[in-house]
Amino acid sequence: MPMTAAPLVELDEVRIRHDGAERATPDGVTLAIRPGEVVLVLGPSGCGKSTLALALDGLIPHAVPADLEGRVLVAGLDTRDHHVGELSEHVAMVFQDPDAQVVTGTVLDEVAFGPENLRLPVDDVLARAERALKLVGLWERRTENPDRLSGGGRQRLAIACALAMASPVLVLDEPTANLDPAGIDEVYAVLRELANERDHAIVLVEHNLDAAVDVVDRVVVLDAAGRLAMDGPVRDVLRGRTDELLALGVWLPVSTLAALRLREAGVVLDPLPLTPAELAAALDAHAVLPAPLVAAGRDATTRLETDATQRTSPGLETRPTPSGAPRPTAGQAAITARGLSVRRGGKRGPIVVHDVDLDVASGEFLAIVGTNGAGKTSLLQAIAGVTPAPEGAVDVLGLDPQRADARERSRRIGFVFQNPEHQFVATSVAGELDLGLKLQGLDEAARDAEITRILDRFGLGDLRDRHPFLLSGGQKRRLSVGTALVAGAPVLALDEPTFGQDRERAAELLDMLATLNAQGTTILVVTHDLQLVADYASRVAVMAEGRVLGVGPTAEVLAGPLIEQAGLRHPPLARATRGLEHHPGWRQVTRMSQLPAAVAPASTTTDDGHAPGAVPTEARGIR
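A quick note: this is a predicted structure, and the numbers were derived from the prediction, not measured.

Thresholds, definitions, all that
- Residues numbered from 1 in each chain as written.
- Predicted model: local features only at pLDDT ≥ 70, side-chain atom pairs only at ≥ 80, totals over all residues.
- Heavy atoms only, no water.
- Pairing = 2+ DSSP bridges.
- Helix = DSSP H or I, 4+ residues; strand = E, 2+ residues; numbered from the N terminus.
- Axes fitted to C-alpha atoms, helices over the stretch in contact; angles between N-to-C directions.
- Buried < 20%, exposed > 50% of the residue type's maximum accessible area, 1.4 Å probe, protein only.
- pLDDT = per-residue confidence, 0-100.
- Contact = heavy atoms within 4.5 Å.
- 1 Å grid on protein atoms, 1.4 Å probe; cavity = no way out; pocket = protein on both sides within 12 Å on 5 of 7 lines; lining within 4 Å.
- Points joined across faces, edges and corners; volume = space filled by probe spheres on them.
- Nonpolar A, V, L, I, M, F, W, Y, C, P; charged D, E, K, R; others polar.
- Core = buried A, V, L, I, M, F, W, Y, C linked by side-chain atoms within 4.5 Å.
- Expected span 1.5 Å × (residues − 1).
- Arc of directions from axis to C-beta.
- Salt bridge = Lys/Arg side-chain N within 4 Å of Asp/Glu carboxyl O.

On to the sheet that holds strand β12 (residues 351-361), then. Sheets are built from strands that pair by backbone hydrogen bonding, the pairs being arranged parallel or antiparallel. Judged by pairing direction, the sheet is antiparallel, and its 3 strands sit side by side in the order β12-β11-β14 without closing on themselves. In this open sheet, the two strands that pair with only one neighbour each are β12 and β14 (394-396). Direction aside, neighbouring strands of the sheet carry axes that sit 15° apart on average. Sheet topology note: the strand β11 (residues 333-343)/β12 ladder contains 7 bridges and is antiparallel. When the sheet's bridge partners are listed, alanine 337 is paired in β12 with leucine 358.

Spelled out as structure tokens, the structure:
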């Protein structure tokens, strides 16, 4: 589509300030988006990316309480002067939280709802719904209730609803956040097909750049204050301005981060690779590569534990185990499950976890992986006592979660939901943290000091009095993790802990978990991010169809057949290294810590061991 085509979206000095917020985010953004463009919006958590997306379909200012300055035009219509229903003919929205837009009782009815409200003929409605559901792989489940879908399934349903509207502008806010790798591939296959038609404009807010980079042709970057910092072709921005992006805390593709780490070790890959295929080709083009750390005899699990100790987060203090909760010794079983089966929706509901036996030793960092609907979240919730399970099937440090009250459970295990809003009950950020501290019997002064420490640690200090529901997606996630950490439980169970986080905050959060793990806290994480698994987990449990296919050390699981058997894809770094032709010693590299690291000459290093003026690799988020 020629750049002379009339813009489908125009923003002129757009400033949006939510009710109760002290400043506008975004702040003064001007840009135009034309047919055929796929625009990726990047920026640190809280910069206004999701707010900008809401302004494009008129929800701001018509439905969300916020002040809008400047002008937003969609298909030539000023969003101030046209209601949301009218604008929906021109722009379709996929929200960060798919549950926020489900209104009917079946998958087919949900997708048909939008076109029906446009008063289209029945045959046209059904044709649109069928095409959209087939594109996202849900046509065979069209008669089911949306509540029966997994989190990733509901996200694909939300995308199908948007596609059925056939609007020329499609806005997607974190569309793959809850999807497994296969689901991510399906979503981006759909977006790629739409992009090839060249008559749509697609606006994408996304942290998973490994999947998005081949579809996107333009990148818009907001800084922490919500101002427009960059706007240009995707490869020019991601390759040419990496230092600025890292300084902003913005995600980069894993392949690019790997190349930056290698550059510090003297291995220059030029141009910087953006995809696993590009990284593999660049590595194979080098006649000689230094041996990866695993090849030098360093065990991957040992390396993880060492790195976790070295990366201890400044200012992180481990709260003592609450009174009455036993502190397990190394190697002792923290969690045991025997014959654990879980039904969804009560005693007559379908079995979603089948006869699971699982042992988690004290101090382990266990990742539970599998495709959408494999039963990962149900297993985690049953272990934590959040959902019903047979009494006696689970033991957490001598406690049966099914028989314990909330106070007893919170002393043993802290839980973080996949959707942060499912656990918020207070009317302020500080109040949410205060609830857990009250359970420990702390006096008001001690609680206030601890709340301040946690809020500052998670970058939420200036949001102390904000209602949790008014936070950005990334801020909600940080608060939900903070509520679990504040109780000081010896076991933490987290469902998709990095959802909605920018690179800097995700790295910070994971380093906190790694530090707690190195200090003895047992960590269980459900995640679709297999690079996260590779870089942080000591063991992996692989699930499929409600059953645990196997459990083992991370390196062995990622190198073995279980990943393919479960319908998963290897993490980006492993995809790049597994097929190397000229460097077989690199084929077992799966985690960033296995890559050769920079070693500065002794005469040019500072007291902290880094070259003068150099930014430590860990501090820049390059694991």
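We now examine the environment of leucine 120. Summarising the element assignment, leucine 120 is placed in the loop between α4 (107-117) and α5 (122-135). Taking the relative accessible area as the measure of exposure, leucine 120 reaches 26% and is therefore partly exposed.

To continue, consider the confidence of the model for the protein chain. Scored by pLDDT, the protein chain comes out at a mean of 84, with 88% of its residues at no less than 70. A low-confidence stretch, residues 295-324 stays under pLDDT 50, and its non-local contacts, those more than four residues away or across chains, total 58 contacts. Under a pLDDT of 50 for its full length, residues 600-623 has, in the predicted model, 35 contacts with residues more than four places off or in other chains.

The calculated volume of the second largest pocket comes to roughly 1100 Å³. Around the second largest pocket, the lining comprises 50 residues; the ones closest to its centre are Asn208, Asp210, Val254, Asp529 and Pro572. Elements with a contribution of two residues or more to the lining of the second largest pocket: α7 (181-197), α8 (209-212), α11 (254-264), α12 (276-284), α19 (503-518), α20 (530-536) and α23 (572-578). Sorting elements by how many residues they give to the lining of the second largest pocket places α7 first, with 6 residues. Broken down by class, the residue content of the lining of the second largest pocket amounts to 26 nonpolar, 11 polar and 13 charged.

Time to look at the nonpolar core. The biggest cluster of nonpolar side chains holds 73 residues, and the ones touching the most others in it are Val111, Leu170, Leu191 and Leu238. Considering every element that reaches this core, the biggest residue donor is helix α6 (residues 151-164), with 8 residues. Apart from the residues lying within four places of it in its own chain, the contact partners of valine 111 are Ala129, Ala132, Leu133, Leu157, Ala160, Cys161 and Ala164. The next biggest cluster of nonpolar side chains, apart from the first, holds 45 residues, and it includes Ala430, Ile451, Ala537 and Val542.

On to the sheet that holds strand β19 (residues 547-553). Pairing within the open sheet is mixed, and its 6 strands lie in the order β15-β16-β17-β13-β18-β19. Looking at the sheet topology across the chains shown, the edges are occupied by β15 (413-416) and β19. Here the average twist between neighbouring strands, direction ignored, is 15°. Examined bridge by bridge, strand β13 (residues 365-369) and strand β17 (residues 522-526) share 4 bridges and lie parallel to one another.

To continue, consider α5. If you check α5, its first and last C-alpha atoms are 20 Å apart, about what 14 residues at 1.5 Å a residue would give, namely 20 Å. Taken residue by residue, α5 has Val125, Ala129, Ala132 and Leu133 as its buried positions. Buried residues along α5 cover an arc of 95° about the axis, so they all sit on one side. One or two positions beyond α5, positive phi appears at glycine 137, with a value near 75°.

Moving on: the pattern of salt bridges. The full count for this structure, using the stated rule, is 23 salt bridges. With its nearest N and O atoms 3.6 Å apart, the salt bridge here joins aspartate 400 to arginine 403. Residues arginine 464 and aspartate 448 are paired through a salt bridge, measuring 2.5 Å at the closest nitrogen-oxygen approach. Of this pair, arginine 464 sits in the loop between α17 (444-457) and α18 (473-485) while aspartate 448 sits in helix α17, and the two are 16 residues apart along the sequence. Since its relative accessible area comes to 40%, aspartate 448 is described here as partly exposed. What emerges from the salt-bridge pattern is a single network uniting Asp214, Arg235, Arg239 and Glu278.

Using the criterion set out here, one finds 6 cavities of 30 Å³ or more in the structure. Considered as a void within the structure, the second largest cavity measures approximately 80 Å³ in volume. For the second largest cavity, the full set of lining residues is Leu11, Leu31, Ile33, Val39, Val41, Lys49, Leu52, Ala53, Leu56, Val203 and Val205. Mapped onto the lining of the second largest cavity, the elements with two or more residues apiece are β2 (27-33), β3 (38-42), α1 (49-56) and β8 (201-205). Taken together, the residues of the lining of the second largest cavity break down into 10 nonpolar, no polar and 1 charged.

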